[in-house]
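Observations on the three-dimensional arrangement
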Amino acid sequence: MKSVPPTDADRLDAPTRIKGRGAASNPEGRFETIGKTREDDGWHREAEAAPRPPTQVTEERARSIISRNDSPDIHFTQSINPYRGCEHGCIYCYARPSHAYLNLSPGIDFETKLFAKTNAAELLRKELAKPGYVCSPINLGANTDPYQPIERSRRITRSVLEVLSAHRHPCTIITKNALIERDLDLLVPMAQAKLVHAFVSVTSLDNRLSSTLEPRASAPHRRIEAVAALNEAGVPCGVMVAPIIPMVTDRWIEQILERAAGAGAKHAGYTVLRLPYELKDLFREWLDLHVPQRAEHVMSLIRQMRSGRDNDPRFGSRMRGEGEFAELIRQRFRLACRRHGINTTRELALDVTRFAPPRAVSPQRELF
């Protein structure tokens, strides 16, 4: 009798939804030399729920803290990431492949095996004190979210803000967590001195979709409330409609901008979905699990915006895409911003002239 090969659903390592996590599997990173596969030993298996891996946080002493870039399509040259990995678990996160450099998976590992840079504030103070340091706004949240859930207890982002505030150094913040409201006592005085501008990222206004797409981020309505809270307190806060995923989140563009304008946002930006390296396979798994009837259509539209590929890393097109669908998104975003009075000026006007470098501690203290 001819044996029948197992279907995807019969595989021991088949992707399956894990409550509270974005990824459905834990594939090897692209630098791994050894592959692992689970094999059926023939014993009967009772149906059981997928395991729920706990969050593990490793404290690390970083060797440097300010990352620098000269990318022509990024509006800042300096950034700080207090954490590696992100518990928000956003399935679309372009930072997932960076976990491969740690010999960890961009899948479940990225959102469960986190690294906290406990000496971030100490390193920052040393960097700012260097004689050749040139002040320019530092972005918090360029790679992983500075207000992800572990920040509530670790408070590393807050310690970084304390250094920036003490030395009147300007910064920008991007987050999708309402925890940013906790630091209003620091942000308000910085805003009064034109030292901070925040952006809250909102992908949709659908709580159910958000619970699978970005399971441990703040719910969409809480993010809008955070935008309102910051603006009411005098901290300029805009919105990032990012990433826009065709046939998944693009229907919400106009409504997000309308809600953001109602919350006092004066600036907004957007990006379209990027799928570098291992991320393309993880995202396809998510599509097959959550919107299987649309999976092929979604990937087709992504390829239309990416010159026929899953990902296009070229500067100039990687953030916005190209082609008819990308142009439609651009027009919709522009018209909605105009309708709601958003982006009437592009100048964020952060003040670099107030910067006061840290001084070395003198044995004479303040006698002279």
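You'll find the structure just up there.
Below is a short write-up of the structure. (Residues numbered from 1 in each chain as written. Predicted model: local features only at pLDDT ≥ 70, side-chain atom pairs only at ≥ 80, totals over all residues. Heavy atoms only, no water.)

Next up on the list: helix H2 (residues 120-129). Three or more residues of H2 are buried, namely Ala120, Ala121, Leu123, Leu124, Glu127 and Leu128. Seen end-on, H2 carries its buried residues on one side only, within an arc spanning 160°. Here the buried face of H2 lies against strand E2 (67-68), strand E3 (78-80), strand E5 (113-117), strand E6 (138-140) and helix H4 (156-166). (Buried < 20%, exposed > 50% of the residue type's maximum accessible area, 1.4 Å probe, protein only. Helix = DSSP H or I, 4+ residues; strand = E, 2+ residues; numbered from the N terminus. Arc of directions from axis to C-beta. Contact = heavy atoms within 4.5 Å.)

Among the 6 residues that make up strand E8 (residues 196-201), 6 are buried, leaving the element largely enclosed by the rest of the structure. Alignment of strand E7 (residues 171-175) against E8, held across 5 bridges, turns out to be parallel. Each residue of the ladder has a partner; that of cysteine 171, found in E8, is valine 196. Between the parallel elements E7 and E8, the chain passes through helix H5 (residues 184-192) in a crossover that is right-handed. (Pairing = 2+ DSSP bridges. Right-handed = clockwise from strand over helix to strand, strands pointing away.)

Turning next to the sheet that holds strand E9 (residues 237-244). Spatially, the 7 strands line up as an open sheet ordered E2-E3-E6-E7-E8-E9-E10, and their pairing is mixed. This sheet does not close on itself; its edge strands, each paired only once, are E2 and strand E10 (268-272). Pairing between E2 and E3: 2 bridges, direction antiparallel. Each residue of the ladder has a partner; that of serine 67, found in E3, is serine 79. Across the face of the sheet, helix H11 (residues 324-339) comes into contact with E9 and E10 while running at roughly 165° to E10. (Axes fitted to C-alpha atoms, helices over the stretch in contact; angles between N-to-C directions.)

The next thing to look at is the environment of asparagine 103. Within the secondary structure, asparagine 103 sits in the loop between strand E4 (83-84) and helix H1 (108-112). Spatially, the C-alpha atom of asparagine 103 lies 7.2 Å from that of phenylalanine 31, the residues being 72 residues apart in sequence.

Reading across from one edge, E1-E5-E4 is the order of the 3 strands in this open sheet, with mixed pairing throughout. Of all strands in the sheet, those with a lone pairing partner are strand E1 (56-60) and E4, marking the two edges. As paired elements, E1 and E5 share 5 bridges and run parallel to each other. The residue bridging valine 57 from the neighbouring strand is leucine 114, located in E5.

A complete count under the given rule lists 29 salt bridges for this structure. A salt bridge links glutamate 181 to arginine 222, with the shortest nitrogen-to-oxygen separation between them at 3.1 Å. Taken together, the residues span a long stretch of sequence, with glutamate 181 in the loop between E7 and H5 and arginine 222 in helix H7 (residues 220-232) at a distance of 41 residues. What makes glutamate 181 partly exposed here is its relative accessible area of 23%. Residue aspartate 310 is joined to arginine 284 by a salt bridge in which the shortest nitrogen-to-oxygen separation is 2.2 Å. Residue aspartate 310 is found in the loop between helix H10 (295-305) and H11, and its partner arginine 284 is found in helix H9 (residues 279-290); the two are separated by 26 residues along the sequence. The class of aspartate 310 is buried, set by a relative accessible area of 13%. For arginine 284, a relative accessible area of 27% puts it in the partly exposed group. (Salt bridge = Lys/Arg side-chain N within 4 Å of Asp/Glu carboxyl O.)

Everything listed here is a matter of geometry and, on its own, says nothing about what the molecule does.
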